[in-house]
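# Residue-level structure breakdown
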Amino acid sequence: MPIAVATWNINSVRLRLQLVLDYLQRARPDVLCLQETKCLDDQFPRSAFKEIGYAHQAIRGDKGYNGVAILSRLPLGEPSCLPFGRKGDARHIASEVRSEAGVAVTVHNFYVPAGGDIADPELNVKFAHKLGFLKDMREWSAQQAGIGGLAVITGDLNIAPYESDVWSHKQLLDVVSHTPVETEALEDIRCCGDWTDAVRHRIPEPERVYTWWSYRAVDWRASNRGRRLDHIWVSSPLAGSIGEVTIETAARGLERPSDHVPVLLSLTL
DNA sequence: ATGGTGGTCCTACCA
């Protein structure tokens, strides 16, 4: 039995609840990781997801910003959170998903800080915060490699690591999300933990892959100035289980869309 | 062209 894991930065789960319900009904992933839910836990629309089969939920929100959630059709274990970046920020939640065959996979849902506009930690505290978060992730990732379990890292990592992850490598080298200090940090996190980038495994470079298009474009489809900010990585014991990958580009063209689209990976367990 | 749009929640802050 395969397990399908999806990720989507929804930019307010309350405003876009119907879009999420429609996506779940159509794609039927076993697990959906949401970022930027932008609400406190008691405001989270738990029952709406429960009604369509996503009864297992691990949620962690802040008032009006950040916020992560794992929605699952399969049983979830006790959730945990890593205290990276500013302590208390709702930017990570993890839980163990159990397949019908009894295989347990730990799903880590991350929302890495965007980092502001200026790519200099001396001039921009948000960029310093992002680099600090990545440093914490690196240390944790190196420890994870030694554990050797079945695990997935997913979410909005707010970094487009490769040249074909952005519309113009040269024009974005100074732009936060694609600067060398960030792309090298992300690659280091991935390598030191022996994670496989499942999307790039299925869709190798130089094919362009984007998961985010700015709201500020006059016509996002025509200009197509996208970036691949949302990722799904698998631990080395799962590298041989990477199945189909689906980037739900059409979601960017929905009415009142998120600026990110869903990314889905099927694991052939 | 140094703008542009969108969400939250009350005046800016975040992306």
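Conventions adopted
Each chain has its residues counted from 1, running along the sequence as written. Chains and ligands are labelled by the order in which they are written, letters from A for the one and numbers from 1 for the other. Restriction of local features to residues with pLDDT of at least 70 applies here, the model being predicted, together with a cutoff of 80 or more for giving and counting side-chain atom pairs; totals for whole chains, interfaces and linings are based on all residues. Hydrogens and water molecules were not included; the side-chain quantities draw on all heavy atoms of the structure. Each helix is a run of DSSP H or I of at least 4 residues and each strand a run of E of at least 2, with the numbering of both proceeding from the N terminus. The criterion used for residue contact is that any of the two residues' heavy atoms lie within 4.5 Å. Only protein chains enter the calculation, and the probe is 1.4 Å; a residue is then buried if its accessible area is under 20% of its type maximum, exposed if over 50%, and partly exposed in between. Only Phe, Tyr and Trp rings take part, Trp by its six-membered ring, and two of them pair if their centres are within 6.5 Å. Stacked means planes under 30 degrees apart, edge-to-face means over 60, and tilted covers everything else. Comment: the charge-over-ring label is applied if NZ (Lys) or CZ (Arg) is within 6 Å of the ring centre and within 35 degrees of the ring normal. In this description, strands pair whenever DSSP reports at least two bridges between them. Angles shown run from 0 to 180 degrees and are taken between the N-to-C directions of axes, each axis being a line fitted to C-alpha atoms and, for helices, limited to the stretch in contact. A cutoff of 4 Å decides nearness: a residue is near a molecule or strand if any of its heavy atoms lies inside that distance of it. Two N or O atoms form a polar contact when they lie within 3.5 Å of each other; inside protein one atom must be a possible hydrogen donor and the other a possible acceptor, and for residues adjacent in sequence the pair counts only when both atoms belong to side chains. The residue classification treats Ala, Val, Leu, Ile, Met, Phe, Trp, Tyr, Cys and Pro as nonpolar and Asp, Glu, Lys and Arg as charged. All others, Gly included, are polar.

## Digging into the environment of Ile52
As for its position among the elements, Ile52 is in the loop between α2 (46-51) and β3 (56-60). A C-alpha to C-alpha distance of 18 Å links Ile52 and Trp8, two positions 44 residues apart in sequence. Among residues more than four places away in sequence, those in contact with Ile52 are Leu21, Leu24, Gln25 and Arg28.

## Some details on the environment of Ser236
Mapping Ser236 onto the fold places it in the loop between β11 (230-234) and β12 (242-247). Owing to a relative accessible area of 39%, Ser236 belongs among the partly exposed residues under this scheme. Through-space distance from the C-alpha of Ser236 to that of Ser266 is 16 Å; in sequence the pair is 30 residues apart.

## What to know about the packing of aromatic side chains
The geometry of two aromatic rings is summed up by the distance between their centres and the angle between their planes. Across all of its chains, the model carries 10 aromatic pairs by this definition. For the ring pair Trp213 and Trp220, a centre distance of 5.1 Å and an interplane angle of 65° mean the geometry is edge-to-face. Take Trp213 and Trp220: they sit in the same class, and that class is buried. Every member of this aromatic cluster is reached through a ring pair, and the members are Phe84, Phe110, Phe133, Trp140 and Trp195. The side chain of Arg225 reaches across the aromatic face of Trp167, ending 4.2 Å from its centre.

## Quick look at the sheet that holds strand β7 (residues 151-156)
Read from one edge of the open sheet, 5 strands run β5-β6-β7-β11-β8, paired in mixed fashion. The sheet terminates laterally at β5 (92-98) and β8 (196-197), the two strands that pair on one side only. Relative to strand β6 (residues 104-111), β5 runs antiparallel, the two being bridged by 7 bridges. Paired with His92 across the two strands is Phe110, which belongs to β6. Its contacts with the sheet place helix α3 (residues 125-147) against β6 and β7, and it is angled at close to 170° to β6. Helix α4 (residues 180-192) rests against β8 and β11 of the sheet, and its axis sits at about 20° to β11.

## Overview of the protein's contact with DNA strand B
As a structural note, the neighbourhood of DNA strand B is formed by 15 residues, with Ser12, Leu15, Arg16, Tyr215 and Arg216 the closest of them. Of all atoms in DNA strand B that approach within 4 Å of the protein, 69% are sugar or phosphate atoms. In the environment of DNA strand B, a phosphate oxygen lies 3.5 Å from a nitrogen or oxygen atom belonging to the side chain of Arg14. Contact between DNA strand B and Arg216: a base nitrogen at 2.6 Å from a side-chain N or O atom of the residue. Of the residues that constitute the surface near DNA strand B, the class distribution is 4 nonpolar, 3 polar and 8 charged.

Purely geometric stuff here, so don't read any function into it on its own.
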